[in-house]
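Spelled out from the first residue to the last, the chains are:
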Amino acid sequence: DQQVKQNSPSLSVQEGRISILNCDYTNSMFDYFLWYKKYPAEGPTFLISISSIKDKNEDGRFTVFLNKSAKHLSLHIVPSQPGDSAVYFCAARSFRDDKIIFGKGTRLHILP
Amino acid sequence: SQTIHQWPATLVQPVGSPLSLECTVEGTSNPNLYWYRQAAGRGLQLLFYSVGIGQISSEVPQNLSASRPQDRQFILSSKKLLLSDSGFYLCAWSRNRANEKLFFGSGTQLSVL
């Protein structure tokens, strides 16, 4: 049973435009959500997070939006840059047991 | 500052051989510790996590096991590897409090042949 779902395996975006990556979750015990970026053969690096008491968090070019009623979050990258090409993972943390569950990832390609 | 060490970086093992991957964290105490595996098409799958010495929670029934003999040491083991154990193994830690992010090690690429 997938508790964190990233339904788009890949996404291509023109350089300079907005990249929007989506994530859905099913477990109402999740109260903290994170986005990570990963290059091949490396550990994921933290990008941005959001607590369930907020609906938006912004850090430079990255903004995360949370819609609790829809159990949906999204990551916006504006403007997209070539170095943003990577796999992006959405993750959710349960307040009950500190479990952190990841989605399957979305591969983002930034086109020149 | 905190650092996480994970080794080896790559490992090639025959089917049926044992496995031991080690992870240590420096610069913090009483961290939560995690083992994840990235296999083709499966994303980052949580295998084990630990909120304290000797406390291990298993997420996926399989022939792997984990131990936490010391506060900042987390070990992933197997007595007999299967072909399906191949993958990229990642150790991670977080502070033991609410709304804390994960910090990952550099990973171990395991190939079981």
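Before going into details, it helps to say that this report is about the structure given with it. (Residues numbered from 1 in each chain as written. Chains lettered and ligands numbered in written order. Predicted model: local features only at pLDDT ≥ 70, side-chain atom pairs only at ≥ 80, totals over all residues. Heavy atoms only, no water.)

Residues and elements named next belong to chain B. Because side chains alternate across strand β2 (residues 10-13), one face comprises the buried residues Leu-11 and Gln-13, and the other comprises Thr-10 and Val-12, none of which is buried. Alignment of β2 against strand β11 (residues 108-112), held across four bridges, turns out to be parallel. Residue pairing across strands places Val-12 opposite Ser-111, the latter belonging to β11. (Buried < 20%, exposed > 50% of the residue type's maximum accessible area, 1.4 Å probe, protein only. Helix = DSSP H or I, 4+ residues; strand = E, 2+ residues; numbered from the N terminus. Pairing = 2+ DSSP bridges.)

Let us now look at the environment of B:Leu90. As for its placement among the helices and strands, B:Leu90 is situated in strand β9 (residues 87-94). Each C-alpha atom, one on B:Leu90 and one on B:Tyr36, is 5.0 Å from the other, the two residues being 54 residues apart in sequence. With sequence-adjacent residues up to four places away left out, B:Leu90 is seen in contact with A:Lys38, A:Gly43, A:Pro44, B:Gln6, B:Tyr34, B:Trp35, B:Tyr36, B:Leu44, B:Phe104, B:Gly105, B:Ser106 and B:Gly107. (Contact = heavy atoms within 4.5 Å.)

On inspection of all chains with the given rule, the structure shows two disulfides over all chains. Residue pairing for A:Cys23: its cysteine sulfur links by disulfide to A:Cys90, the two sulfurs lying 2.0 Å apart. Note on the A:Cys23 and A:Cys90 pair: the S-S dihedral is about -75 degrees, so by sign convention the disulfide is left-handed. Of this pair, A:Cys23 sits in strand β3 (residues 19-25) while A:Cys90 is found in strand β9 (residues 86-94), placing the two residues 67 residues apart along the sequence. Here B:Cys23 engages in a disulfide with B:Cys91; their sulfurs sit 2.0 Å apart. Taking the torsion about the sulfur-sulfur bond, which here is approximately -80 degrees, the covalent link between B:Cys23 and B:Cys91 counts as left-handed. (Disulfide = S-S within 2.5 Å.)

Hydrogen bonds between backbone groups are what pair the strands of a sheet, and the pairing can be parallel or antiparallel. All names here are of chain B. Strand order in the open sheet formed by four strands is β1-β3-β8-β7, with antiparallel pairing between adjacent strands. Two strands close off the open sheet at either side, each with one partner strand: β1 (3-7) and β7 (64-70). Direction aside, neighbouring strands of the sheet carry axes that sit 15 degrees apart on average. By the bridge criterion, six bridges tie strand β3 (residues 19-26) to strand β8 (residues 73-78) in an arrangement that is antiparallel. Counted as the bridge partner of Cys-23 is Phe-74 from β8. (Axes fitted to C-alpha atoms, helices over the stretch in contact; angles between N-to-C directions.)

Contacts between the two partners involve 21 residues from chain A, matched on the other side by 25 residues from chain B. Interface area for chain A against chain B, summed over the two sides, is near 1800 Å², with a carbon-plus-sulfur share of 56%. Among the residues chain A hides against chain B, the three largest losses belong to A:Arg93, A:Ile100 and A:Phe102. Together they make up 25% of the total. Between the two partners, chain A and chain B, sit one salt bridge. One salt bridge connects A:Lys99 with B:Glu59, and the closest N-O pair in it is separated by 3.4 Å. On inspection of chain A and its partner chain B, the count reaches nine residue pairs in polar contact (both at pLDDT 80 or more). (Buried area = accessible area lost by both parts, 1.4 Å probe. Salt bridge = Lys/Arg side-chain N within 4 Å of Asp/Glu carboxyl O. Polar contact = N/O pair within 3.5 Å; in protein donor to acceptor, adjacent residues only side chain to side chain.)

In short, geometric facts, not functional conclusions.
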